[in-house]
Each structure stands twice: as structure tokens, then as C-alpha cells.
Amino acid sequence: MQHRTIAFIGAGNMSRSIIAGLHQSGYPADRILAANPSRPKLDALVQQFGIGVSQDNAEVARMSDVIVLAVKPQLMAAMLANLVSELGSLEGKLLISIAAGIKVERLCEMAGGHHRIIRTMPNTP
């Protein structure tokens, strides 16, 4: 089985839960990345799961095949604008949004016209 590199932009509770599930199922830690402005959350993920982390969203996005958009809905537009600006394009990336209330059409607009987007609403219980 081929394991794609998955980057989580946002290291909150939902990302942590998904990463824990991936870890429990045997997904390779060297194929999981996370970015977050807060260093303590990243340090906790490294300690518990041994994944790669950065405080730079573009850095983890550049290294990944799949990008999980796990930021608060009100931060999504600015985060995606910065990501598109820094990377130039999201071509070849699959975006998975776990942000509530943002439709795929709007995510596509915010991502500079990128169309490989999945919208989901995971539930930790």
C-alpha cells in the first residue's frame, strides 16, 4: 500500500484525534506532518506520535500530497490566500476541509480556483 504524505494545517483537538487514529492504524509517522503557530501543540504531537512539524504552513504543504485544512472557519480565507501566494499553485494536492460552514465552492474560490477539495465534518465521539 502506498502511503501519501498528509499535512495538517492547524494542530487543534480535531487534528490531534485524526492523527491519533492514523497512528493507531499503523500509518507511518514519517508521512504525517502538522503546522501550527503555537509551538506547544506541535511539541506535544512530536512527543506522542513522532510526526514532522513546523510553524510554517507552506513548508508542510509543499512536502505533502494531501492537506487537511483544520483551521477555524474565520481564519480559512487568509490562510489559503497565504498558502496559494507562497506555493504559487496547489496543483497535485488534495485538500480536505474539516472547517464547519464553508462550502466546497467557497473553498475552491479561496484556494485560487483549485478543485481537488473534499469537505467533511468528522466527529470525535
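Everything discussed here concerns the structure shown above.
In this report, we go over the structure that sits alongside the text.

Rules used in this analysis
- Residues numbered from 1 in each chain as written.
- Predicted model: local features only at pLDDT ≥ 70, side-chain atom pairs only at ≥ 80, totals over all residues.
- Heavy atoms only, no water.
- Core = buried A, V, L, I, M, F, W, Y, C linked by side-chain atoms within 4.5 Å.
- Buried < 20%, exposed > 50% of the residue type's maximum accessible area, 1.4 Å probe, protein only.
- Helix = DSSP H or I, 4+ residues; strand = E, 2+ residues; numbered from the N terminus.
- Contact = heavy atoms within 4.5 Å.
- Salt bridge = Lys/Arg side-chain N within 4 Å of Asp/Glu carboxyl O.

A word on the nonpolar core. Among the nonpolar cores identified, the biggest contains 23 residues, and Met76, Met79, Leu80 and Leu83 are the most heavily contacted of them. Looking at this core, the element that brings in the most residues is helix 4 (residues 73-87), giving 4 residues. The residues contacting Met79, other than those within four sequence positions of it, are Ile9, Asn57, Leu69 and Val71. Ile6, Tyr27, Leu42 and Leu45 belong to the second-largest nonpolar core, a separate cluster that totals 18 residues.

On inspection of all chains with the given rule, the structure shows 2 salt bridges. Two residues, Asp43 and Arg39, come together in a salt bridge whose shortest N-O distance is 2.9 Å. Of this pair, Asp43 and Arg39 both sit in helix 2 (residues 39-49), 4 residues apart, roughly one helical turn. Residue Arg106 is joined to Glu109 by a salt bridge in which the shortest nitrogen-to-oxygen separation is 3.2 Å. Note that Arg106 and Glu109 are positioned in helix 5 (residues 104-110) at a spacing of 3 residues, about one turn of the helix. Residue Arg106 is classed as partly exposed on the basis of its relative accessible area, which comes to 40%.

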